Amino acid sequence: MYQVATVLLLAFSAATRALDNGLMKTPPMGWLAWERFRCDIDCDNDPQNCISEVLFRDMADRLAEDGWRELGYVYVNIDDCWSSKKRDEQGRLQPDPKRFPGGIAKLARYIHGRGLKLGIYGDMGTYTCAGYPGTTLDTIEMDARTFAEWGVDMLKLDGCYSNSSVQEQGYPLMSKALNATGRPIGYSCSWPCYQGGLPPKVNYTVLGEICNLWRNYEDIQDSWDSILTIVDWFTDHQDIIQPAAGPGHWNDPDMLIIGDYGLSMDQSRSQMALWAIMAAPLFMSNDLRTVSSGARTILQNKVAIAINQDPLGIQGRRLIKEKSEIDVFWRPLSDDASALVFFSRRTDMPFRYQTSLKTLNYTAGTYMVYDVFLQKIQPTLKDTTNFVVSINPTGVVMWYLFPTTVRQEEAEPVRFTKMLKRIKLYGREDYADSLTGL
Ligand SMILES: *[C@@H]1O[C@H](CO)[C@@H](O)[C@H](O)[C@H]1NC(C)=O
Ligand SMILES: *[C@@H]1O[C@H](CO)[C@@H](O)[C@H](O)[C@H]1NC(C)=O
Ligand SMILES: *[C@@H]1O[C@H](CO)[C@@H](O)[C@H](O)[C@H]1NC(C)=O
Ligand SMILES: *[C@@H]1O[C@H](CO)[C@@H](O)[C@H](O)[C@H]1NC(C)=O
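Residues numbered from 1 in each chain as written. Chains lettered and ligands numbered in written order. Predicted model: local features only at pLDDT ≥ 70, side-chain atom pairs only at ≥ 80, totals over all residues. Heavy atoms only, no water.

A. Geometry of the pairing of strand β14 (residues 376-382). In this sheet, β14 lies alongside strand β13 (residues 366-371) in antiparallel orientation, the contact comprising five bridges. Each residue of the ladder has a partner; that of Y367, found in β14, is L381. If you look at the hairpin formed by β13 and β14, you'll find four residues sitting between the two strands, and Q375 has a positive phi there, around 55°. (Pairing = 2+ DSSP bridges. Helix = DSSP H or I, 4+ residues; strand = E, 2+ residues; numbered from the N terminus.)

Now the structure itself:
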């Protein structure tokens, strides 16, 4: 009895540490304008790509019609440069009248009508990063009410043109103000990015109580170098940031740039695998109207998404950093499953990496292995069996594993059926159905 009570108490105290708006129990997924479309406001010359209601309606159409929404990509998020340079006569934020002639409330209705959610952008400071009106301490409540009245579902609050005392007061006050509107609004805080120092001077307990997600590090750019810098930062500081993540509160390494110009297909698989294993929010910033079928296949990989969305919500960690420039990441998943990512920083040739599950601290037993990007079941593995994975330069091998009583000698159909049953257990029956065709 005593032990049960203790467990319940621990579970309860853990639950009260998260922001209590009922949202984002798994990492949020969707689309965010910034990395791909920046602050293009030249609608006269670039009407299809400028920051306007046309762009967000187009992306909502694509999310709804091209199979994204069903996979969980439901947020359509506006970033900077949406607003007018002036607040209205009552002091409220208002959209640029030329680029958003219908207003944000109408855009929200359109997006909700497609079964999606709308996110908007603000800044806890005098101006946004691109120089539009910011949210100051005295406009927090008004701005929260404005967003709620428009039907907004998520707010990214940046931190340009600000200082630490304004942020220390402002980020928690906005959390309270959003709650007071009565509308559940996901809250993304850029606060940690603006707190200098190594390790960063951030109280992640406080952050988890007020925000659903937070940007820890610099903006992503459309390049492999940018991905490497972010992954290095996240792994170098994993002892501090990994325990901060959990259902309702996530570390955010920033947008997916898969489908843009900077990554090869191998590098695209690497970003998807690393973001999935790190339990990162999955916000694509690309042009869904023209995204290549290769990029789409990676972004729509159901098992990678299922790993990202695992209900336990435990962020994965780097277990091993080899001198050979191979990193091994591990993430525990529900129902005793787990994921591994073998990641190569090499640029010369495919590297044959040898290890065993025992070396990776798996408990004794036999494991089923599914290769996430090959989309193939691998031979079952004993913990003690040495195996070799061949990892492409700047690429990954990603595995989904679970302990099984199946023996290596058992026929392929038997193993396959057990795998399917497992993936069904895993919560997404539709995933399993689509895997039967492999
Ligand atoms: C506001 O906070 C309370 C208490 O934490 C919570 O029960 C409620 O669901 C929250 N409401 C919204 C809209 O976030
Ligand atoms: C921070 O900014 C606020 C508002 O602009 C200003 O009133 C305050 O003096 C600043 N504080 C510091 C420590 O710079
Ligand atoms: C972080 O904030 C929590 C809750 O306010 C507090 O209990 C804890 O002592 C703080 N941690 C540090 C290192 O300041
Ligand atoms: C496995 O566990 C041992 C003992 O706890 C530890 O020393 C070792 O670093 C672990 N190995 C990995 C790859 O995590």
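The rest of the description comes next.
B. Region of interest: the nonpolar core. In terms of nonpolar packing, the biggest core is built from 114 residues, with W31, F56, Y73, W82, Y187, M272 and W275 touching the most fellow members. I320, L357, F387 and V397 belong to the second largest nonpolar core, which has 18 residues in total. (Core = buried A, V, L, I, M, F, W, Y, C linked by side-chain atoms within 4.5 Å. Buried < 20%, exposed > 50% of the residue type's maximum accessible area, 1.4 Å probe, protein only.)

C. Layout of unusual backbone geometry. Phi angles above zero are rare outside glycine, and R38 is one such case at about 45°. Tracing the backbone through its elements, the reader meets R38 in the loop between α2 (34-37) and α3 (53-65). Relative accessible area serves as the criterion here: at 30%, R38 is assigned to the partly exposed category. Even without being glycine, Q375 reaches a positive phi, approximately 55°. With respect to the secondary-structure elements, Q375 resides in the loop between β13 and β14.

D. Highlighting the environment of D371. Note on placement: D371 falls in strand β13. Taking relative accessible area as the criterion, D371 reaches 7% and is therefore assigned buried. Residues D371 and M398, spaced 27 residues apart in sequence, show a C-alpha to C-alpha distance of 5.9 Å. Within the structure, D371 has its side chain in polar contact with the backbone nitrogen of L374 (distance 2.8 Å). (Polar contact = N/O pair within 3.5 Å; in protein donor to acceptor, adjacent residues only side chain to side chain.)

E. Highlighting α3. With 13 residues, α3 extends 18 Å between its outermost C-alpha atoms, agreeing within 8% with the 18 Å of an ideal straight helix rising 1.5 Å per residue. Of the positions making up α3, those classed as buried are E53, L55, F56, D58, M59, A60, D61, R62, L63 and A64. Those residues of α3 that are buried lie in contact with β1 (29-32), α2, α4 (68-71), β2 (75-77), α5 (103-113) and β8 (282-284). After α3 finishes, the residue G67 shows a positive phi value of roughly 85°. (Expected span 1.5 Å × (residues − 1). Contact = heavy atoms within 4.5 Å.)

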